Amino acid sequence: EVQLVESGGGSVQAGGSLRLSCVASGFSFDDYAIGWYRQAPGKEREEVSCFVTTTGSTWYDDSVKGRFTIGSDNAKNTVNLQMDNKKSEDADVYYCYASPRVYSNDRQRPYDGYWGQGTQDTVSS
């Protein structure tokens, strides 16, 4: 069974930090790009960051560049997202996503991969 389990969500004050983790199982971790998406209530889910395991390349949305860092521990089938200098706009449900391929700019294809169930992140003033 394919599983993507997120953890690390919680509450943090604006300007603080959180670290999310995604543990993958049930498929070949090294053959997939592992990324993070986020979704606010009533809004469309959007891609935040992606790590391409085959090349080590990364992609970040402009809204998080310089604040978020994606990393991988291939031996543990784990991808994490270090979120620094949190803003109120970052308070969403975060989803881990594994895709078998990426576009030329290292963004993920959102329609042929596997999704985690999400972890809630809140930001207080």
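Presented here is a report on the structure given in the accompanying data block.

How each quantity is defined
Residues numbered from 1 in each chain as written. Predicted model: local features only at pLDDT ≥ 70, side-chain atom pairs only at ≥ 80, totals over all residues. Heavy atoms only, no water. Core = buried A, V, L, I, M, F, W, Y, C linked by side-chain atoms within 4.5 Å. Buried < 20%, exposed > 50% of the residue type's maximum accessible area, 1.4 Å probe, protein only. Helix = DSSP H or I, 4+ residues; strand = E, 2+ residues; numbered from the N terminus. Contact = heavy atoms within 4.5 Å. Pairing = 2+ DSSP bridges. Axes fitted to C-alpha atoms, helices over the stretch in contact; angles between N-to-C directions. Salt bridge = Lys/Arg side-chain N within 4 Å of Asp/Glu carboxyl O.

Formed by 24 residues in total, the largest nonpolar core has its most connected members in I34, W36, L81 and Y94. The element best represented in this core is strand 3 (residues 18-25), accounting for four residues. In contact with L81, not counting residues within four places along its chain, are L18, R19, L20, W36, S49, F68, T69, I70 and Y94.

As summarised here, the arrangement of the four strands in space is 1-3-8-7, forming an open sheet in which the pairing is antiparallel. Unpaired on one side and paired on the other, strand 1 (3-7) and strand 7 (68-73) mark the two borders of the sheet. Shown here is a sheet whose adjacent strand axes are inclined to one another by a mean of 15 degrees, direction ignored.

Our focus in this paragraph is the pairing of strand 3. Pairing of strand 1 with strand 3, which is carried by five bridges, proceeds in the antiparallel orientation. Across the sheet, V5 pairs through a bridge with V23, a residue of strand 3. Taken together, the six bridges between strand 3 and strand 8 (residues 78-83) define a ladder with antiparallel strand orientation. Directly across from L20, in strand 8, lies its bridge partner L81.

A few words on the pattern of salt bridges. A full pass over the atoms with the stated rule returns eight salt bridges. Between R107 and E47 there is a salt bridge, with its nearest N and O atoms 3.3 Å apart. Linking R107 in the loop between strand 9 (93-99) and strand 10 (114-115) with E47 in strand 5 (residues 46-52), this pair joins segments that are 60 residues apart in sequence. Residue R107 is classed as partly exposed on the basis of its relative accessible area of 32%. Residues joined in a network through salt bridges with shared partners are R38, E46, R67, D90 and D92.

Purely spatial values, then, with no claim about function.
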